[in-house]
Amino acid sequence: MKDFVKMTLAVICGLFIMGILGFILFFGAIGTLASLGGSTPAIPRSGVLLMDMSKMQISEQTKDTDPMSLVRGEDTRAIGLWDAVRAIGKAASDPAVQYIFLKADGLNVSGIAPVEELRQALSEFRKSGKAVVAYTENPATGSYYLATAADKIYMGSYKGGMNMITGVSTQMIFLKDLLDKLGVNVQLIRHGKFKSAGEMYIKNKPSPENLLQTQEMVNSLWDNMSAGICESREITRERLDEMIDRLELNTPEDFLSNNLVDGLLTTEELKEKITDLAVESRYSDVKMIQFHDYVAANAATLPTAKQKIAIIFAEGEIVDGNDKQEVAGDRFARIIASVRADSTVKAVVLRVASPGGSVVASDKIRAEIDLLRKDKPVIASYGNYAASGGYWISNSCDKIFSDPSTLTGSIGVFSMIPDFSNTADKLLHVGVTNVGSSRHSDMYSLMRPLDDEEHAYMQKSVDEIYEAFLGNVSAGRGMSPEEIDEIAQGRVWTGSDALEIGLVDELGSLSDAVRYAAISAGDSNADLSNWNIATYPKPLTSLEIMLETLTGSTDALAGTPFESVGRAFRNWDAASSGKVYARMPYVITVQ
C-alpha cells in the first residue's frame, strides 16, 4: 500500500513538473516566434518586388504576425493598406526595385475598396517607367480586377484551372420560417423603410425596398470594377458582360483569345519571362524582394519631421466600452482626445472602415471628433464601409473622401427583442413565470412578447434617435433634415452614388485624404516627406494577439452561407435586447 501511494504521488508530482515545464517551454517558444517580427529584414541591392497576394492579408493597419499562425505553419502577413500603398510609392523611385511581379490569386481582403486603392497605387507606380507584371492561374473577380492594373497579365497554360470571374453577388439570408419552428418571435423596431438590419429574422424573403437597394448596390459595385477592367483590357462593357453571362470563359485559351490575358505560360516559361525582365541570364540569379519584407523595411525608417498628420483608423464594429479589436466608444474617445492634446499633430485623417454598431458609442466618438475639429482640420477617408454608425461618427468632418465601392449611408436605426416564450413552452416544455416589482419590469426578459404600450415606447425611442441621426447629418453636410430624410431611411449607397447625392465630397483614396490633410495644415505642395505620419490606435503586439486568440471564441459559421450574418451580429447578445443600433445588416467580402 505504501508503494502504491509513493508511486501515485510520484506520478502526480511528475505530471505537475511536466506541466510547468511545458507551460514555460510553450510561452518561451511563443516569445521566440513573436520576437521574429521585431527585426528589420535585409533588402537586396537590386531585385524584383514580389507581391504574392496569397501570402498577405490586406487590412486597414499593419499588425504583428499571430504567433499561433506560425505554429500552425501558416505564412500570411497582415499588411495595412496605408503601409502597402506607401511601400509601392517608395518602390517607384527605389533603384533597388526593378519591377513588380504580382501574383494575384488568393487575394485576401475584406472588401472591394482596398483592391481599388491597391490598384490605384500600382497604376501610379507604372508612371515611373517601371513595369508591373501579373500572373494568374485561377482568376476570380477581385483578383483579376487587381491584376488589370499591370502592364501585362500572364496566365498558366495548364488545364484544370478554375475561372471564378462571375461578377459581383451577395446572399440574403432569411430565418423567419426556421425561427417559427423553434417558437422564436423576433420583435423588430426600426425607422427607415430601407433599414434592413434585423429583417432576416422577421421575413422569409426580402422586402421590395431591401431587394431594390441590394440590387442597385451590387450593380454599382460591378459598374466600378468592370469600368477598370474594360479600360485596361480595351474591351467594351457589353462584350465583358456577354462573356460572363454566356459563361464563355473556361479554358486559358478563352482568356487569351478574348484579350483578357497577354500570354499563356508554363512554370518554366514564367521563370524565363521573369529572368528576361530582370535582365539576368539565369532564374536563380533573380533576387526576389518579398513585399512584406519591403513594407517592414520601409516602415522601419524613422521619420525626421516633427510635425505630424495623424491617421486614426476606425476599423470594425462600433461597440461600447474598451474592446481592443473593435471601435470601442470609450477607448476611441480617449484616443481622439489625446490626438487633440498633441500640439505636434497639425491635421487628422479619420479612416473609417466600419459598418456601424452602438448608437451610444457612435455619439461619444462623434462628440470627440467635433471637439477635435475646433483645433485641427479633420478629413474623413472611407474604406470598405462607413455606414450607419460609421457615417454617424464622420459626416461632420471638414471633407469626406470615399472609394467608389465604399458602402456608406445606411442612415437609420433599429432595435431587436426576441421572445422565447413559445420556445420554452412548446419546444422545450419548460414553464416560466415572471415575477416583477413593476408593470413593465420584465419587458426585457425575452420570455414574453411586448405589449402595445411597450412596443410604442420602443418605437418612440427608435424614432427619436433617427431624428437625432438626421439632425447630425444635416449639420455635418449642410443640408436640411428633409433633404437628408429623402436619401436616408436606412438606405445603403456605394461611394460613387453617395457622391451624386451629397453624402461624400470626393472620390479618392486614403493617400488622397492624407495629401489633402497636409494642404489643410498649410502645406500647399502636399509634400508628405515633410510630415511624420502617425497612426492610431497602436496595433496589438504578437503577445496580445496570441492572448486574444487563446481567450477568444471561434466563429462557428465561418465558411458557411451564414458567415456574413454571424459577423454582422457577433456582438449582439441577450443583454443587448432593447438597445438601439445604427448598423448595416451584413458584411460583404471579395475574392
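Predicted model only: the values in this text are computed from it and were never measured. (Residues numbered from 1 in each chain as written. Predicted model: local features only at pLDDT ≥ 70, side-chain atom pairs only at ≥ 80, totals over all residues. Heavy atoms only, no water.)

Chemist: Before we move on, could you go through the overall build of the protein and cite the residues and values that matter?
Modeler: For the protein, the helix and strand inventory stands at 21 helices and 22 strands. Within the span of the protein, comprising 591 residues, buried residues form 50% of the whole. When contacts within the protein are restricted to residue pairs at least 6 apart in sequence, long-range pairs at least 24 apart make up 74% of them. (Helix = DSSP H or I, 4+ residues; strand = E, 2+ residues; numbered from the N terminus. Buried < 20%, exposed > 50% of the residue type's maximum accessible area, 1.4 Å probe, protein only. Contact = heavy atoms within 4.5 Å.)

Chemist: Outline the packing of aromatic side chains, listing residues and values.
Modeler: On inspection of all chains with the given rule, the structure shows three aromatic pairs. When the ring of Trp-392 is compared with that of Phe-469, the centres are 4.5 Å apart and the planes differ by 45°; the resulting orientation is tilted. Placement of the pair is Trp-392 in helix H14 (residues 389–392) and Phe-469 in helix H16 (residues 452–477), with a sequence separation of 77 residues. Across the pair, exposure class does not vary: Trp-392 and Phe-469 are buried alike. The ring of Phe-194 carries Arg-491 above its face, with NZ or CZ at 5.0 Å from the centroid. Stacked on the ring of Trp-493, the Lys or Arg Arg-491 has its end atom at 4.4 Å from the ring centre. (Phe/Tyr/Trp six-rings, centres within 6.5 Å; stacked < 30°, edge-to-face > 60°. Lys NZ or Arg CZ within 6 Å of the ring centre and 35° of its normal.)

Chemist: Can you lay out the pairing of strand S1 (residues 47–52) for me, pointing to particular residues and giving the numbers?
Modeler: For S1, a buried count of six out of six residues is recorded, marking the element as mostly surrounded by other parts of the structure. The pairing of S1 with strand S4 (residues 97–103) spans five bridges and is classified as parallel. Bridge pairing links Gly-47 to Val-97 in S4. Of the strand pairs in this sheet, S1 and strand S9 (residues 288–290) are connected by three bridges, and their pairing is parallel. Paired with Val-48 across the strands is Met-288, a residue of S9. (Pairing = 2+ DSSP bridges.)

Chemist: Residues and numbers for helix H8 (residues 237–245), please.
Modeler: Considered for burial, the residues of H8 that qualify are Leu-240, Met-243 and Ile-244. Buried residues along H8 cover an arc of 95° about the axis, so they all sit on one side. What points out from H8, more than 90 degrees from its buried face, is the exposed set Glu-238 and Asp-245. The secondary structure elements touched by the buried residues of H8 are helix H7 (208–233). (Arc of directions from axis to C-beta.)

Chemist: Run through the sheet that holds S4, naming residues and quoting values.
Modeler: The parallel open sheet is built from six strands, whose spatial order is S8-S6-S5-S4-S1-S9. Both outer strands of the open sheet, strand S8 (263–265) and S9, are each paired with one neighbouring strand and no more. Here the average twist between neighbouring strands, direction ignored, is 30°. Note: strand S5 (residues 132–136) against strand S6 (residues 152–156), four bridges, orientation parallel. Its bridge partner lying in S6, Tyr-135 is registered against Tyr-154. Of the strands in this sheet, S1, S4 and S5 touch helix H4 (residues 112–126), which is tilted by about 150° from S4. (Axes fitted to C-alpha atoms, helices over the stretch in contact; angles between N-to-C directions.)

Chemist: How would you sum up the side chain of Arg-477? Please name residues and give values.
Modeler: As for its position among the elements, Arg-477 is in helix H16. With residues near it in sequence (within four places) discarded, Arg-477 still touches Tyr-391, Asn-395, Ile-400, Gly-502, Leu-503, Val-504 and Asp-505.

Chemist: How would you summarise the nonpolar core if you had to cite specific residues and measurements?
Modeler: With 58 residues, the main nonpolar core has Met-51, Met-53, Ile-88, Leu-122 and Phe-291 as its most contacted residues. Looking at this core, the element that brings in the most residues is helix H3 (residues 81–93), giving seven residues. The residues contacting Met-53, other than those within four sequence positions of it, are Ile-58, Leu-102, Lys-103, Ala-104, Asp-105, Gly-106, Leu-107, Asn-108, Leu-118 and Leu-146. (Core = buried A, V, L, I, M, F, W, Y, C linked by side-chain atoms within 4.5 Å.)

Chemist: Describe the pattern of salt bridges, with residues and values.
Modeler: Taken as a whole and judged by the stated rule, the model has 28 salt bridges. In this structure, Arg-126 engages Asp-151 in a salt bridge whose closest nitrogen and oxygen atoms are separated by 3.1 Å. Placement of the pair is Arg-126 in helix H4 and Asp-151 in the loop between helix H5 (141–147) and S6, with a sequence separation of 25 residues. Note on Arg-126: relative accessible area 33%, which makes it partly exposed. A salt bridge links Glu-248 to Arg-239; the nearest nitrogen and oxygen atoms lie 2.8 Å apart. Given a relative accessible area of 25%, Arg-239 falls into the partly exposed group. (Salt bridge = Lys/Arg side-chain N within 4 Å of Asp/Glu carboxyl O.)

Chemist: Requested: an account of a nonpolar patch on the surface, with residues and values cited.
Modeler: Together, Leu-178, Leu-182, Leu-427, Leu-428, Val-430 and Val-432 make up a nonpolar patch on the protein surface, roughly 510 Å² of accessible area in all. Position of Val-430 relative to the elements: it lies in the loop between helix H15 (421–427) and H16. (Patch = residues over 30% accessible without salt bridge, like charges linked within 9 Å, V, L, I, M, F, W, Y side chains within 5 Å. Areas by Shrake-Rupley, 256 points an atom, 1.4 Å probe, with all protein chains shown as cover.)

Chemist: If you had to explain the environment of Ser-123 to someone new, which residues and values would you point to?
Modeler: Among the secondary structure elements, Ser-123 is positioned in helix H4. Note: C-alpha distance between Ser-123 and Asp-151 (28 residues apart in sequence) is 9.1 Å.

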